[in-house]
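Fold and geometry: a report
Residues per chain are reported as follows:
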Amino acid sequence: MPKVLAEGKTIDCEQGSNLRKILLQNSIELYNDGAKVINCRGIGSCGTCTVKVEGKVSAANWRDRARRSLPPHSPTTDLRLACQTQVLGDVKVTKFDGFWGQGSRIVWTPKG
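Residues numbered from 1 in each chain as written. Predicted model: local features only at pLDDT ≥ 70, side-chain atom pairs only at ≥ 80, totals over all residues. Heavy atoms only, no water.

Right, let's talk about unusual backbone geometry for a bit. Omega for the bond connecting Pro71 with Pro72 falls within 30 degrees of zero, at 5 degrees, which places this linkage in the cis form. A positive phi angle is found at Glu7, which is not glycine, with a value near 50 degrees. Counting through the fold element by element, Glu7 comes out in the loop between strand E1 (3-6) and strand E2 (9-12). Judged by its relative accessible area of 25%, Glu7 falls in the partly exposed class. Of note, the phi angle at Ser27 is positive, near 55 degrees, even though the residue is not glycine. Tracing the backbone shows Ser27 in the loop between helix H1 (19-25) and strand E4 (50-57). (Helix = DSSP H or I, 4+ residues; strand = E, 2+ residues; numbered from the N terminus. Buried < 20%, exposed > 50% of the residue type's maximum accessible area, 1.4 Å probe, protein only.)

This is how it looks when you write it as C-alpha cells:
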C-alpha cells in the first residue's frame, strides 16, 4: 500500500488513488489564499493544486500538460496538478506559495 508524505503526515492509500483527494481527505491545505474558494474542484482547468511530487506517480495526462503549459506555470518545471495525478507508489509532496502554487517559497514539505 503506497504512502503519501505531506505536511508532516504519512497517509496510506490505495494504489491509483487521486493525489488531490488523498490530500484533502486528510486535512492537508492544498490550496493557497483565494484558491481555497476559487478552484476547479479537480477537473484540471485552474492549476491551483500544483505541487512538487517525488516518487512513483502516473505520467502527466493531457490536462496536466496543457494547464501547466499556460502562465503562470511552465511546462519545464517539475510541478504537477494534484487533481490529475494518481499515486502508484510511495510519494513525497511539497507545496509552494503563489495563487497557483507556482512560487519559489515553500509553504509545506513532506515533513511539515
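Now that the structure has been shown, the text picks up again.
This paragraph deals with the packing of aromatic side chains. Any two aromatic rings considered together are summarised by their centre-to-centre distance and by the angle between their planes. Per the stated rule, a full pass over the model turns up one aromatic pair. Aromatic side chains Phe99 and Trp100 sit 4.8 Å apart centroid to centroid with 75 degrees between the ring planes, which places their arrangement in the edge-to-face category. (Phe/Tyr/Trp six-rings, centres within 6.5 Å; stacked < 30°, edge-to-face > 60°.)

Here we come to the nonpolar core. Ranked by size, the top nonpolar core spans 22 residues in total, and within it Val4, Leu19, Leu23 and Val93 carry the most contacts. Counting only elements with at least two residues in this core, the list comes to E1, H1, E4 and strand E6 (86-96). Aside from chain neighbours lying at most four places away, what touches Val4 is Lys9, Thr10, Ile11, Cys13, Leu19, Ile22, Leu23, Val87, Val91 and Val93. (Core = buried A, V, L, I, M, F, W, Y, C linked by side-chain atoms within 4.5 Å. Contact = heavy atoms within 4.5 Å.)

Before going further, it helps to examine the pattern of salt bridges. If you walk through the whole model with that rule in mind, you get six salt bridges. One salt bridge in this structure joins Lys3 and Asp12, with 2.8 Å as the shortest N-O distance. Relative accessible area serves as the criterion here: at 35%, Lys3 is assigned to the partly exposed category. One salt bridge connects Asp78 with Lys52, and the closest N-O pair in it is separated by 3.9 Å. Taken together, the positions of Asp78 in the loop between helix H2 (62-68) and strand E5 (79-81) and Lys52 in strand E4 put the pair 26 residues apart, joining distant regions of the chain. Connected through salt bridges with shared partners, the residues Asp64, Arg68 and Arg80 form a single ionic network. (Salt bridge = Lys/Arg side-chain N within 4 Å of Asp/Glu carboxyl O.)

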